[in-house]
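Now for the letters of each chain:
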Amino acid sequence: MILAIVTPDLCDAHPEWVRVVAPLFKNYGGRTAFGGPIATVKCFEDNSKVKESLGLPGQGRVLVVDGGGSLRCALLGDLLAAQAVENGWAGVIVYGCIRDVDAIAGMDLGVQALAAIPLKSVRRGVGETNVAVAFGNVTFHPEEFVYADNNGIVVSATPLR
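S.K.: When you look at the side chain of Q112 in this model, what are you seeing that I'm missing?
M.R.: Relative to the assigned elements, Q112 resides in strand β7 (residues 110-116). Among the polar contacts listed, one links the side chain of Q112 to the backbone oxygen of D149, at a separation of 3.0 Å. Among all residues touching Q112, those that are not within four sequence positions of it are F25, K26, N27, F34, V92, I93, V94, A148, D149, G152 and I153.

S.K.: What's the story with the pattern of salt bridges in this structure? I'm lost.
M.R.: Opposite charge on two side chains allows them to pair when their charged atoms are near. The tally for this structure, following the rule as stated, stands at six salt bridges. The salt bridge involving D108 is made with R31; its shortest N-O contact spans 2.7 Å. Residue D108 is located in the loop between α4 (101-105) and β7, and its partner R31 is located in the loop between β2 (26-27) and β3 (34-42); the two are separated by 77 residues in the primary sequence. Since its relative accessible area comes to 44%, D108 is described here as partly exposed. You can call R31 buried: its relative accessible area is 11%. Between D66 and K42 there is a salt bridge, with the nearest N and O atoms lying 3.6 Å from each other. You can see D66 sitting in strand β4 (residues 62-66) and its partner K42 sitting in strand β3, a full 24 residues away along the chain. You can call K42 partly exposed: its relative accessible area is 36%.

S.K.: For this particular structure, what's the right way to read unusual backbone geometry?
M.R.: Where the residue is not glycine, phi is negative for most of them; where a peptide bond is considered, it is trans in most cases. With phi around 55°, E45 is a residue other than glycine that occupies positive phi space. Mapped onto the elements, E45 comes out in the loop between β3 and α2 (48-54). With a relative accessible area of 17%, E45 lands in the buried category. The phi dihedral of D100 is positive, around 60°, even though this residue is not glycine. Here D100 lies in the loop between β6 (91-98) and α4. For D100, a relative accessible area of 30% puts it in the partly exposed group.

Rules and cut-offs
- Residues numbered from 1 in each chain as written.
- Predicted model: local features only at pLDDT ≥ 70, side-chain atom pairs only at ≥ 80, totals over all residues.
- Heavy atoms only, no water.
- Helix = DSSP H or I, 4+ residues; strand = E, 2+ residues; numbered from the N terminus.
- Polar contact = N/O pair within 3.5 Å; in protein donor to acceptor, adjacent residues only side chain to side chain.
- Contact = heavy atoms within 4.5 Å.
- Salt bridge = Lys/Arg side-chain N within 4 Å of Asp/Glu carboxyl O.
- Buried < 20%, exposed > 50% of the residue type's maximum accessible area, 1.4 Å probe, protein only.

Structure, rendered in structure tokens:
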């Protein structure tokens, strides 16, 4: 979904309901504004659970990936991003790196991450899904709501408009 609202408007209209993520992220996706219910993955330099999650129906959700802030390998690339588009995900927020940024920029998917790096991650099947994750001074709970654009990322326990 392309949002008609922007995060500063959400902050102005609902200051008591939003939690603002620290300004650590860059927008890489073809959708510059995106949002939806949160699904989570917690992993470190292993994108097995990211692949598994994006293989499921997204139903307009946003996958929030706590990659521990690692800058050593990418947890999302063009193949997984294309899978996310195909399965109806609104976006992916990665507390870590992505790769294939030029291809991802052309996809109808919101993607924010700390940085880009060409090295892929390993796949050992290690990680957790649907758990609370915390980074950027905010805790993300599954089924809460996240909104992201070029201004930043905000989280709310309820849907906002």
